[in-house]
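For reference, the chains in residue letters:
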Amino acid sequence: MRHLPYATLSRRVTQLISTLLLAIPLAAGGESYRLTLIDVGYGLSILAQDSDGTAILFDGGYREEAPLVRTALAQAGIDSLALMVASHGHGDHIEGLAVLLQKRFPVGLVIGNVPQGHASFDSLFWRSLGGVPYRQARAGDSLAVGSLQLQVLHPDTLTENLNESSMAVSLTLGTHRVLLPADIGVHTQEALATRWGQRLRSGILVAPHHGDVIARGFWDAVKPEWVLVPVGPNPWELPDSRVTRLTAEVRLIDTHRDGTVILTLDRGGISLISRTPHSCTQRREADMAERMRRWRRAH
Ligand SMILES: [Zn+2]
């Protein structure tokens, strides 16, 4: 597939960065970063920012949760996004992004796992872009915004399974790495473990597919200290009990229990600085039946 100039350039940068990362554990830095796992119920929305206010928003939850995303952005002091990432076309990931774009929240660049106009994204999303540039990103691409670095780990090619085609990325925040695998399942997780090996190693893992089963090889490659589960009321009993057992020895954050969670990442390590549990739970219970109908239509 044809590559855009930025992608070609970024692959070279990636190679350089990869070489450096293998040579030294990670560059030591005095920077402080903030990671906000936004409680969007059953869905995913996560904000990463550096101390200069440069920010990346990865997914935006269902459209009903967009006000919560706006609130989280405001509370984080973010009035523009350098980069917005749309992992895949399911509503629990991209609807809230479309709302932000419709409201003309300033965004420098949107990247997604599909070419612009692809049918797996709601046409509303494409219309909402307005003049904001969009690029398809694929495994091997990397971007740097401010001091935040993003490397795309998946996919190479798209399949009809939207979850398995999710864009999986690794964020490098100073000395820390955060792995965001979106909604990939166990087979794709194993494939990533085989392909990327120890480069998956990350202090923070956002649990794949809202706490669904984690492949053993993937878990062993990532070796997280923290696992963040972006989940809300759902009929599939997620998080899976096997994940609960697997994560018994690490710090576990679950948005259904802990609400919106803010972590700081700096040379001193990873610290939990805020939790806001049980935001709008009543409305969520009431909305769930309608969401499940939409989910079944989309999957
Ligand atoms: Zn999802």
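First, a word on scope: everything that follows refers to the structure included in this document. (Residues numbered from 1 in each chain as written. Predicted model: local features only at pLDDT ≥ 70, side-chain atom pairs only at ≥ 80, totals over all residues.)

Looking at the overall build of the protein
Here is step 1: What the protein contains, in helices and strands, is nine helices and 15 strands.
Here is step 2: In the protein, which comprises 299 residues, the share counted as buried stands at 49%.
Here is step 3: Once local pairs closer than 6 in sequence are excluded, the contacts in the protein between residues at least 24 apart make up 64%. (Helix = DSSP H or I, 4+ residues; strand = E, 2+ residues; numbered from the N terminus. Buried ≥ 20, exposed ≤ 12 C-beta atoms within 10 Å, placed from the backbone. Contact = placed C-beta atoms within 7 Å.)

Focus: the nonpolar core
Here is step 1: Formed by 80 residues in total, the largest nonpolar core has its most connected members in Ile46, Ala48, Ile56 and Leu180.
Here is step 2: Considering each element in turn, this core owes the most residues, six residues, to helix H3 (residues 91-102).
Here is step 3: Excluding anything up to four places from it in sequence, Ala48 contacts Tyr33, Leu35, Ala55, Ile56, Leu148, Leu171, Leu173 and Val178. (Core = buried A, V, L, I, M, F, W, Y, C linked by C-beta atoms within 7 Å.)

Considering the environment of Thr188
Here is step 1: Following the sequence through the fold, Thr188 ends up in helix H5 (residues 186-196).
Here is step 2: With 24 C-beta atoms packed within 10 Å, Thr188 lands in the buried category.
Here is step 3: Spatially, the C-alpha atom of Thr188 lies 6.5 Å from that of Glu164, the residues being 24 residues apart in sequence.
Here is step 4: With residues near it in sequence (within four places) discarded, Thr188 still touches His154 and Glu164.

Focus: the sheet that holds strand S6 (residues 134-136)
Here is step 1: Here we have eight strands laid out as an open sheet, ordered S6-S5-S4-S3-S2-S1-S14-S15, and mixed in their pairing. Both edges of this open sheet fall to S6 and strand S15 (269-276), since each of them pairs with a single strand only. For this sheet, the mean angle separating the axes of adjacent strands, direction not counted, is 20°.
Here is step 2: Alignment of strand S1 (residues 33-37) against strand S14 (residues 260-266), held across five bridges, turns out to be antiparallel. Of the residues in S14, the one forming a bridge with Leu37 is Val261. (Pairing = 2+ DSSP bridges. Axes fitted to C-alpha atoms, helices over the stretch in contact; angles between N-to-C directions.)

Focus: the sheet that holds strand S10 (residues 176-180)
Here is step 1: The seven strands are arranged S7-S8-S9-S10-S11-S12-S13 in an open sheet whose pairing can be described as mixed. Edge strands, defined here as strands with exactly one partner in the open sheet, are strand S7 (142-145) and strand S13 (251-254). Between one strand axis and the next, the sheet turns by 20° as a mean value, whatever way the strands run.
Here is step 2: For S10 and strand S11 (residues 204-206), the ladder comprises two bridges, and the chain directions are parallel. Bridged to Val178 within S11 is Ile204.

As for H3
Here is step 1: Over its twelve residues, H3 extends 15 Å from the first C-alpha to the last, a length consistent with the 16 Å expected when each residue adds 1.5 Å.
Here is step 2: Counted residue by residue, H3 has eleven buried out of twelve residues, so it is predominantly covered.
Here is step 3: Those residues of H3 that sit buried are Gly91, Asp92, His93, Ile94, Glu95, Gly96, Leu97, Ala98, Val99, Leu100 and Leu101.
Here is step 4: One or two residues past the end of H3 sits Arg104, with phi positive at roughly 60°. (Expected span 1.5 Å × (residues − 1).)

Some remarks on H5
Here is step 1: Of the positions making up H5, those classed as buried are Thr188, Gln189, Leu192 and Trp196. Along H5, the residues classed as buried sweep out an arc of 105° about the axis, all on the same side. Turned more than 90 degrees from where H5 packs its buried face, His187 and Thr194 sit exposed.
Here is step 2: Buried residues along H5 sit against strand S8 (148-154), strand S9 (168-173) and helix H6 (216-222).
Here is step 3: Positioned one or two residues after H5, Gly197 has a phi angle of 55°, which is positive. (Arc of directions from axis to C-beta.)

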